[in-house]
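As a plain string of letters, each chain reads:
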Amino acid sequence: MSVAPVRIALIGMGRMGRALDALAAERGCDVVARLDAAEMSNSITAAELNGAQVAIEFTTPESSVANAVALLHAGCPVVIGTTGWSAQLPELEAAAHRSQGAALWSPNFSIGVQLFLAMAEDAARRARHVSGFDTHVVETHHLAKLDAPSGTGIAISERLQAGLGRDVPITSVRTGSVPGTHEIIFDAPFEQIRLVHEARDRRVFADGALTAARWLAGARVPGVYTMRDVLASSQANS
């Protein structure tokens, strides 16, 4: 028996919106609404969503939370791919509670990055009581990326800090057309350990966001989720 595609609304039709649009059908999703800045100028209504079961939002840090709140109030679960707004997370959590809706956010939707984060924390725990190593994060993205450090860079630093018990600095590089490269450096006087995750195509982020959208559309308990919940659910069902 064939499974009906998940009806999705795309909020923001920039590079990520277009990548999602191109990959959606292949990943079991039907794009029923495409909203860009002009359509969002007066907030977002249920009618504009055209029966979408879930929305995927990639816009700007300044508008992302307002968009997500409007979607929740319109009765539509939302996957938030925009970064640079995490200081407003309590506002999103309050909106999910008021609307009894579900939202999912992540600084990075790559499955490989989720594994990289787990590796970072494990490596940091192992290095915690080893003297002589400095730790640093370097994140490199294309020139058009607005936030620095990246949300992923911050997430990696936080995982390292949890394992090491000390602050870990981040260096941000903006150059060319790099989709995203994240590097962890453990440096000692006579040796160095480097862990690197390199995204070769932004479709990796679109693929993960569509996976998250399909998961979120499945009658979730109201609340705010992350990709860790998606992966934990997948592992529990495997």
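Since the model is a prediction, treat every value here as computed from it, not as a measurement.

(A) Representation of the overall build of the chain in the model. Scanning the chain from terminus to terminus reveals 8 helices and 10 strands. A compact globule built from 238 residues would reach a C-alpha radius of gyration of about 18 Å, and the chain, at 19 Å, matches this within 12%. The dimensions of the chain, computed from C-alpha atoms along their principal axes, are 60 × 40 × 35 Å. Within the chain, buried positions represent 48% of all 238 residues. Counted over contacts in the chain with a minimum sequence separation of 6, partners at least 24 positions apart contribute 69%. Charge centroids of the chain, computed over 20 positive and 24 negative side chains, lie 4 Å from each other.

(B) Broad picture of the sheet that holds strand 9 (residues 191-199). With mixed pairing, 4 strands are arranged side by side in an open sheet as 7-6-8-9. Looking at the sheet topology across the chains shown, the edges are occupied by strand 7 (170-174) and strand 9. Geometrically, the sheet is characterised by an average inter-axis angle of 15° between neighbouring strands, direction not taken into account. The pairing of strand 6 (residues 134-141) with strand 7 spans 5 bridges and is parallel. In the sheet register, Val-138 faces strand 7, and the bridge partner there is Thr-171. In this fold helix 6 (residues 151-164) packs onto strand 6, strand 7 and strand 8 (180-188), with an angle of close to 165° to the strand it touches most, strand 6.

(C) Fine view of the pairing of strand 9. As paired elements, strand 8 and strand 9 share 9 bridges and run antiparallel to each other. Residue pairing for strand 9: Ala-188 is matched across the bridge by Glu-191. As consecutive antiparallel partners, strand 8 and strand 9 are separated by 2 residues.

(D) Main features of helix 6. With 14 residues, helix 6 extends 20 Å between its outermost C-alpha atoms, agreeing within 8% with the 20 Å of an ideal straight helix rising 1.5 Å per residue. For helix 6, a buried count of 10 out of 14 residues is recorded, marking the element as mostly surrounded by other parts of the structure. Considered for burial, the residues of helix 6 that qualify are Gly-151, Thr-152, Gly-153, Ala-155, Ile-156, Ser-157, Arg-159, Leu-160, Gly-163 and Leu-164. Following helix 6 by one or two positions, Gly-165 adopts a phi angle in the positive range, close to 80°.

(E) Fine view of the environment of Ser-64. Mapping Ser-64 onto the fold places it in helix 3 (residues 64-73). Residue class for Ser-64 comes out buried when judged on its relative accessible area of 0%. Sequence separation between Ser-64 and Gln-88 is 24 residues; the distance between their C-alpha atoms is 9.9 Å.

(F) The arrangement of the nonpolar core in detail. Of all hydrophobic cores here, the largest spans 30 residues; its most connected members are Ile-8, Ile-56, Val-79 and Leu-104. Elements with a contribution of two residues or more to this core: strand 1 (6-11), helix 1 (15-23), strand 2 (29-35), strand 3 (54-57), strand 5 (102-105), helix 7 (203-216) and helix 8 (227-237). The leading source of residues in this core is helix 7, at 8 residues. Ranked by size, the runner-up nonpolar core spans 26 residues in total, among them Met-40, Val-65, Ala-95 and Trp-105.

(G) Summary view of the packing of helix 5 (residues 111-127) against helix 6. Interaxial distance between helix 5 and helix 6 falls to 7 Å at its minimum, and their mutual angle equals 30°. In terms of axis orientation, helix 5 runs roughly parallel to helix 6. Helix-helix and strand crossings are classified by hand; for helix 5 and helix 6 the assignment is right-handed. In this structure, helix 5 contributes Val-113, Phe-116, Leu-117, Ala-118, Ala-120, Glu-121, Ala-124, Arg-125 and Ala-127 to the contact, and helix 6 contributes Thr-152, Ala-155, Ile-156, Arg-159, Leu-160, Ala-162, Gly-163 and Leu-164.

(H) Quick peek at unusual backbone geometry. Here the bond from Ala-148 into Pro-149 is cis, since omega is 0°, no more than 30 degrees from zero. Relative to the helices and strands, Pro-149 is located in the loop between strand 6 and helix 6. Positive phi is not limited to glycine here, since Asn-50 has a value of about 55°. Its place among the elements puts Asn-50 in the loop between helix 2 (46-49) and strand 3. The phi torsion at Gln-100 lies on the positive side, around 55°, for a residue other than glycine. Within the secondary structure, Gln-100 is located in the loop between helix 4 (89-99) and strand 5. Owing to a relative accessible area of 51%, Gln-100 belongs among the exposed residues under this scheme.

Definitions and limits used
- Residues numbered from 1 in each chain as written.
- Predicted model: local features only at pLDDT ≥ 70, side-chain atom pairs only at ≥ 80, totals over all residues.
- Heavy atoms only, no water.
- Helix = DSSP H or I, 4+ residues; strand = E, 2+ residues; numbered from the N terminus.
- Rg over C-alpha atoms; globule rule 2.2 N^0.38 Å.
- Buried < 20%, exposed > 50% of the residue type's maximum accessible area, 1.4 Å probe, protein only.
- Contact = heavy atoms within 4.5 Å.
- Lys, Arg positive; Asp, Glu negative; His and termini not counted.
- Charge placed at Lys NZ, Arg CZ, Asp CG, Glu CD.
- Pairing = 2+ DSSP bridges.
- Axes fitted to C-alpha atoms, helices over the stretch in contact; angles between N-to-C directions.
- Expected span 1.5 Å × (residues − 1).
- Core = buried A, V, L, I, M, F, W, Y, C linked by side-chain atoms within 4.5 Å.
- Parallel < 35°, antiparallel > 145°, perpendicular 65-115°, else oblique.
- Left-handed = near helix turned anticlockwise from the far one by under 90°.

Distances and angles like these do not, on their own, reveal function.
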